[in-house]
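# Working through the structure, step by step
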Amino acid sequence: MADSLPLEMLTYILSFLPLSDQKEASLVSRAWYCAAQNALRETNVRYNIPVSSASLSAIKNLGLRGISHISLTNLDGSPASHQVLQSVAYHLGPHLESLCLGGGSPTEASFLALILGCPVLRTLDLSGCNSLFTSGTLLAQPETAQCVRKALSGLRDLNLACLRDLTDLSFNHLSGCFPSLERLSLAYCHLTFELGPTWGSITPQVSSPSQLSFHNLLQFVKERAGRLRALDLSGTGLPPEALQALGQVTGLQLEELSLHSCRDLSSEAVATLCRQQPGLTSLDLSGCSELTDRALLAVSRGLQHLRHLSLRKLQRLTDAGCADLGALHELQSLDMAECCLVSGRELAQVLGSVHRAPPALTSLRLAYCSSLKLPQEVENQASDPQEPNSESQGPSLLMLQALQELDLTACSKLTDASLAKVLQFPQLRQLSLSLLPALTDLGLVAVARGCPSLERLALSHCSHLSDEGWAQAARFWPRLQHLNLSCCSQLTEQTLDTIGQACKQLRVLDVAMCPGINVAAVRHFQAQLPQVTCIQSRFVGGADLTLTL
């Protein structure tokens with residue numbers, strides 16, 4: 001019956017499925033295969049293509065399918081790389097929208113020939129491509145720059161992260177060819193900051209041929225303020241004064257800002273930024289070690305449209321800073337990993353209160369929060385997570401029923417009882433409970449019952465898990481694709497047999513350093529599930545073995 005539907009309708013229906021289910025649906029029939037391929041294109045799936053002569057036929061086939069997002073690996077200045085780039089330009093170029101050359105070493109000539117053949121390119125990743133900037137002459141010729149500007153006038157996203165030879169002149173030559181630029185990354189580039197009033201000056205300064213200066217970047221931001229929406233200045237050492245100068249640029253309305261590992265930033269500077277750029281929807285302050293609760297309170301009160309917030313490694317952050325997180329009603333992802341002073345009490349109060357609508361969180365990361373405890377208010381919870389509005393309930397993470405990713409790695413104070421009460425998320429797809437010393441079979445089975453849709457599960461270094469626990473839990477996880485059981489010392493080949501019978505969609509398995517599993521059992525499992533593409537089995541039975549197909 002479904003095969004009789006028009007291809008467009010089938011494509012539309014399959015586009016609502018997770019990526020794994022789209023792949024499974026493609027095996028039903030030829031019509032479903034074609035519809036699934038169309039749906040995969042529409043979900044912006046990126047294809048990684050290794051640069052070698054063996055990839056030429058694959059590139060041609062991808063061109064016939066209209067693939068528009070690719071990443072090239074192992075790119076260098078060899079004739080083989082040049083041939084691959086020519087093939088990409090010919091077969092994929094006319095409809096290529098996203099191109100990643102990250103970490104490659106193309107020649108200037110082959111790079112220019114490639115991008116001139118990609119007239120609809122919207123995203124270009126040149127992170128770590130230092131070979132293009134060593135000479136300082138890339139796009140220095142006006143005629144060449146004019147051709148590139150004409151061909152790539154629609155480019156929106158440019159990634160220049162980790163370029164050690166990027167200078168003011170080379171940046172200006174390159175950015176000048178992309179008048180429609182909306183997103184720019186200069187993460188971990190060496191920016192120089194000259195203290196003084198010149199940052200706010202309108203007097204132009206000469207662009208440096210030997211360094212990348214903040215003054216030159218600020219001038220670029222001023223010129224593009226009406227269009228620029230996202231900046232990544234992670235790892236640049238941005239000082240508070242520079243952040244203030246950036247935030248107050250007339251007409252600038254940033255939506256995304258990443259300041260990962262800018263360790264000199266102060267809470268006062270972040271508070272000022274929240275007043276200057278209230279439209280931010282994504283903010284990364286991870287590793288900004290000087291930030292305190294005041295910074296998080298300013299974010300919660302000032303950025304009402306925030307959807308993605310990363311606060312990893314903020315060692316001074318405490319429960320008090322979480323008090324107003326509930327005001328972020330549009331928040332979709334929250335990363336507080338390695339915030340060692342956060343116990344979770346206030347977090348549960350603001351995210352799991354029955355008296356306010358919970359944020360639409362789909363991702364919550366609390367890895368290595370060594371003080372984390374799930375609040376004892378949960379003792380009186382109704383057992384049915386579909387009844388979150390009961391007045392008898394206290395604050396609980398159970399309210400976050402849209403959650404799809406949860407990371408509780410090394411939250412060492414969590415117990416079987418607390419996990420059983422809280423981990424009831426029917427839509428959860430990714431879960432990490434690695435390095436939980438108190439997790440036993442009882443907790444494993446409870447998690448399996450509460451989270452039946454898991455596709456990725458990490459349980460490494462959970463030394464109390466046994467074959468008996470897996471015999472009960474595995475049947476709840478038919479969709480499991482990635483499973484990490486490394487250093488689970490009690491598991492034997494019996495667990496492999498159980499997983500092989502219950503988890504037919506498994507693709508990646510890690511049983512490294514599991515002393516109860518031997519090489520013969522690993523090989524038998526591989527024969528039992530030939531679709532498993534990688535088994536990490538280092539030092540099982542005394543052998544160092546990795547099976548990759």
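Residues numbered from 1 in each chain as written. Predicted model: local features only at pLDDT ≥ 70, side-chain atom pairs only at ≥ 80, totals over all residues. Heavy atoms only, no water.

Of the regular secondary structure elements, the chain holds 18 helices and 21 strands. Taken across its 549 residues, the chain has 52% of its residues classed as buried. Put simply, 75% of the contacts in the chain that link residues at least 6 apart link residues at least 24 apart. When the accessible surface of the chain is totalled, it reaches about 23,500 Å², and 53% of it is carbon and sulfur. (Helix = DSSP H or I, 4+ residues; strand = E, 2+ residues; numbered from the N terminus. Buried < 20%, exposed > 50% of the residue type's maximum accessible area, 1.4 Å probe, protein only. Contact = heavy atoms within 4.5 Å. Areas by Shrake-Rupley, 256 points an atom, 1.4 Å probe, with all protein chains shown as cover.)

Looking at the element boundaries, Leu85 is found in helix H5 (residues 79-91). The exposure class assigned to Leu85 is buried, which follows from its relative accessible area of 3%. For Leu85, the residues in contact, after removing those within four places along its chain, are Leu72, Leu75, Ser110 and Leu114.

With the rule as written, the count across this model stands at 14 salt bridges. Note that Glu338 is salt-bridged to Arg312, the shortest N-O span being 3.6 Å. One end of the pair, Glu338, is in the loop between strand E13 (333-335) and helix H13 (345-351); the other, Arg312, is in the loop between strand E12 (308-310) and E13, with 26 residues separating them in the sequence. Accessibility expressed as a relative area gives 26% for Arg312, which makes it partly exposed. A salt bridge links Glu405 to Arg365; the nearest nitrogen and oxygen atoms lie 2.8 Å apart. Separated by 40 residues along the polypeptide, Glu405 in strand E15 (residues 405-407) and Arg365 in strand E14 (residues 363-365) bring together distant segments of the chain. Connected through salt bridges with shared partners, the residues Asp157, Arg183 and Glu256 form a single ionic network. (Salt bridge = Lys/Arg side-chain N within 4 Å of Asp/Glu carboxyl O.)

In this section: the side chain of Ser486. Mapping Ser486 onto the fold places it in the loop between strand E18 (482-484) and helix H17 (493-502). For Ser486, the side chain forms a polar contact with the side chain of Asn484, separated by 2.9 Å. Residues within four places of Ser486 in sequence aside, it is in contact with Ser460, His461, Asp510, Val511, Ala512 and Cys514. (Polar contact = N/O pair within 3.5 Å; in protein donor to acceptor, adjacent residues only side chain to side chain.)

Its location among the elements puts Ser234 in the loop between strand E9 (230-232) and helix H10 (240-247). Its relative accessible area of 3% is what places Ser234 among the buried residues. Considered as a pair, Ser234 and Ala161 are 73 residues apart in the sequence and their alpha carbons are 9.0 Å apart. Residue contacts for Ser234: discarding those within four places in its chain leaves Ala187, Tyr188, Ser258, Leu259, His260 and Cys262. Reaching out from Ser234, the side chain makes a polar contact with the side chain of Ser258 at a distance of 2.8 Å.

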